[in-house]
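# Structural features, examined
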Amino acid sequence: MFKTPSWFTLLKKRLIFLLPNKILYIFNIALIFGLGILLLGMSINFFNYKNYVLNKNDYYRQITFIKKDNSFSEVISKLENETYFSKRTIYNSSFIATKINNENIENLDLKLSFFESSNNDLFLYPEINSGFKIIGDEIKTENEIVITYYYAVMISEILNKSYLDVIGDHILYTNNNELFDFIIVGIFDERTTLLMNYLSYAGSFALTSSQHDIDVSFVTYEYNDFSTLKTIYNKYRPENVIIFSYFDEYLNLNIYTTIFTLIFTVIGLLTIIISFGIIHSSVNSTFLNSLPFLSMLKVIGINDKKIVSFSIFETLLLTLVGYFFAIPISYLINFVINKFVNVDSIFGSIEYNFVNINIESLIITMIFCIIINFLFIVFQTRKVKMMNINNSFIHELGD
């Protein structure tokens with residue numbers, strides 16, 4: 001009596017002779033898979049870059065409201081009712097510098113501003129605020145002062161020494177009613193000096209916890225996230241105040257990263273689709289060459305699910321082997337690009353590596369593989385169900 005061979009026996013024999021003939025296919029699949037993983041990694045890096053910038057540079061989450069007229073206090077009262085993360089207030093004053101190290105400097109007309117903030121830092125959170133820099137130390141007590149670069153240069157000419165050497169000097173400020181003796185602990189760099197000159201007419205800043213002869217000049221609010229900042233910006237822009245923020249710069253950054261995210265996502269997914277084109281081309285080639293064999297299996301009683309399993313198992317095998325080898329290949333491509341290509345000349349020197357593989361790109365590639373394999377299984381199952389013994393003869397006539 002004829003014994004029907006087991007499905008496992010047939011499958012094992014087919015695969016033993018399959019793999020050696022598929023080495024070139026597997027190499028091409030792994031290479032293109034690896035490139036797709038890297039491209040999707042770059043896509044995710046561009047998407048994450050805007051959050052990286054927002055967290056690294058807290059001034060993107062800040063809005064500064066500058067006094068324009070007497071209605072400024074009303075605007076500030078409204079802003080106090082909004083939810084914010086931290087706050088800094090700069091006060092103008094009538095204090096003028098009179099002496100530094102017993103040298104008279106009244107003719108320089110060096111003005112003083114006081115500030116209050118949520119954590120007594122002039123820049124709120126200077127350790128993550130790379131946009132603003134102080135040469136020297138930050139203000140820690142009320143008898144310390146920070147001056148602008150231009151103030152430091154003017155003082156250095158009077159004292160006949162380098163502007164950096166004014167750090168540590170004592171400077172007297174008075175408004176004819178009060179007298180303060182400050183120690184210069186830091187100097188704004190030139191970039192920060194330009195900003196502070198735009199925001200305030202004064203060039204020296206001291207911490208205060210009490211009211212003197214002072215008047216609010218501008219107030220800076222920092223918000224937890226960009227969506228809150230956007231709401232505040234649009235809500236108070238019509239008010240009669242001058243608004244200073246990096247809102248537009250961040251929007252441009254958002255557009256820039258979104259465009260590149262879409263570009264690399266599309267190219268990455270197309271690359272993976274191409275690799276599946278190679279896989280399914282190989283599987284279909286095997287299927288066509290095996291039509292006489294598969295048709296005979298159907299005649300002798302092997303059901304459709306077992307017959308289609310030959311194609312399914314080959315597809316899964318090529319996908320898994322290709323994906324397995326694609327991971328080290330993608331890291332190799334990544335290493336070569338970072339080693340021999342000047343990425344900074346393409347994206348600029350921004351201390352962020354766009355050409356980098358991440359776990360998300362590996363997961364997305366895996367999910368995409370599962371989806372495409374599922375669609376292929378559905379298609380291949382339908383093809384097998386329509387197959388009959390005549391297919392083998394039609395195939396032979398076609399050849």
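Scroll up to find the structure this text is about.
## Points about the overall build of the protein
- Across its full length, the protein holds 12 helices and 11 strands.
- The burial tally for the protein puts 46% of its 399 residues in the buried class.
- Considering only residue pairs separated by 6 or more positions, the protein has 82% of its internal contacts joining residues 24 or more positions apart.
- When the accessible surface of the protein is summed, it comes to about 20700 Å², and 61% of that surface belongs to carbon and sulfur atoms.

## Quick word on the nonpolar core
- Core analysis: the biggest nonpolar cluster contains 67 residues, and Phe-33, Phe-65 and Leu-79 have the highest contact counts within it.
- Among the elements that take part in this core, helix H2 (residues 23–56) stands out by supplying 12 residues, more than any other.
- Leaving out residues up to four positions away in the same chain, Phe-65 has contacts with Phe-72, Leu-79, Ser-217, Phe-218, Val-219, Tyr-221, Ile-232, Tyr-236, Val-241, Ile-242 and Ile-243.
- Within the second largest apolar cluster, 23 residues are counted, among which are Ile-147, Ala-152, Leu-159 and Tyr-173.

## Comments concerning the packing of aromatic side chains
- Per the stated rule, a full pass over the model turns up 30 aromatic pairs.
- Between Tyr-60 and Tyr-250 the ring centres are 5.8 Å apart and the planes differ by 55 degrees, which places this aromatic pair in the tilted class. Here Tyr-250 lies in helix H7 (residues 247–289) and Tyr-60 lies in the loop between H2 and strand S1 (62–66), a separation of 190 residues in the sequence. This pair shows no difference in class: Tyr-60 is buried, exactly as Tyr-250 is.
- Between Phe-260 and Phe-264, the ring centres sit 6.4 Å apart and the planes meet at 25 degrees, which makes this aromatic pair stacked.

## Some remarks on helix H3 (residues 72–80)
- Within H3, the full set of buried residues consists of Phe-72, Val-75, Ile-76 and Leu-79. Viewed end-on, H3 has its buried residues packed into an arc of 100 degrees, placing them on one side of the element.

## Concerning helix H5 (residues 190–199)
- Among all positions of H5, only Thr-192, Thr-193, Leu-195, Met-196 and Leu-199 are buried. The buried residues of H5 all sit within an arc of 165 degrees when viewed along its axis, so they share a single face.

## Notes on the pattern of salt bridges
- Evaluation of the coordinates by the stated rule reveals six salt bridges.
- Here Lys-87 makes a salt bridge to Glu-80, at a shortest N to O gap of 2.8 Å.
- Look at Lys-87 and you get partly exposed, because its relative accessible area is 21%.
- Lys-111 is paired through a salt bridge with Asp-109; the nearest N and O atoms lie 2.7 Å apart.
- The exposure class of Lys-111 is partly exposed, given its relative accessible area of 22%.

Each value, and the rule that gives it
- Each chain carries its own residue numbering, running from 1 in the written order of its sequence.
- Reporting of local features is limited, given that this is a predicted model, to residues whose pLDDT is at least 70; pairs of side-chain atoms are given and counted only at 80 or more, and all residues count toward the totals for whole chains, interfaces and linings.
- The basis for the side-chain values is all heavy atoms of the structure; hydrogens and waters are excluded.
- Strands here mean DSSP runs of E at least two residues long; helices mean DSSP runs of H or I at least four residues long; both are numbered from the N terminus.
- Think of it in three bands: residues with accessible area under 20% of the maximum for their type are buried, residues over 50% are exposed, and the middle band is partly exposed, with areas taken using a 1.4 Å probe on protein chains only.
- Residue contacts are defined here by distance: any two heavy atoms, one from each residue, within 4.5 Å place the two residues in contact.
- Using a 1.4 Å probe, the Shrake-Rupley method yields the accessible areas, and only the shown protein chains count as cover for residues.
- Take the buried Ala, Val, Leu, Ile, Met, Phe, Trp, Tyr and Cys residues and link them wherever side-chain atoms come within 4.5 Å; each set so joined is a nonpolar core.
- Stacked, tilted and edge-to-face pairs are distinguished by plane angle, under 30 degrees for stacked and over 60 for edge-to-face with tilted covering the rest, among Phe, Tyr and Trp rings (Trp via its six-membered ring) whose centres lie within 6.5 Å.
- Directions drawn from the helix axis to the C-beta atoms are what define this arc.
- Just to be clear on terms, a salt bridge is a Lys or Arg side-chain nitrogen sitting within 4 Å of an Asp or Glu carboxyl oxygen.

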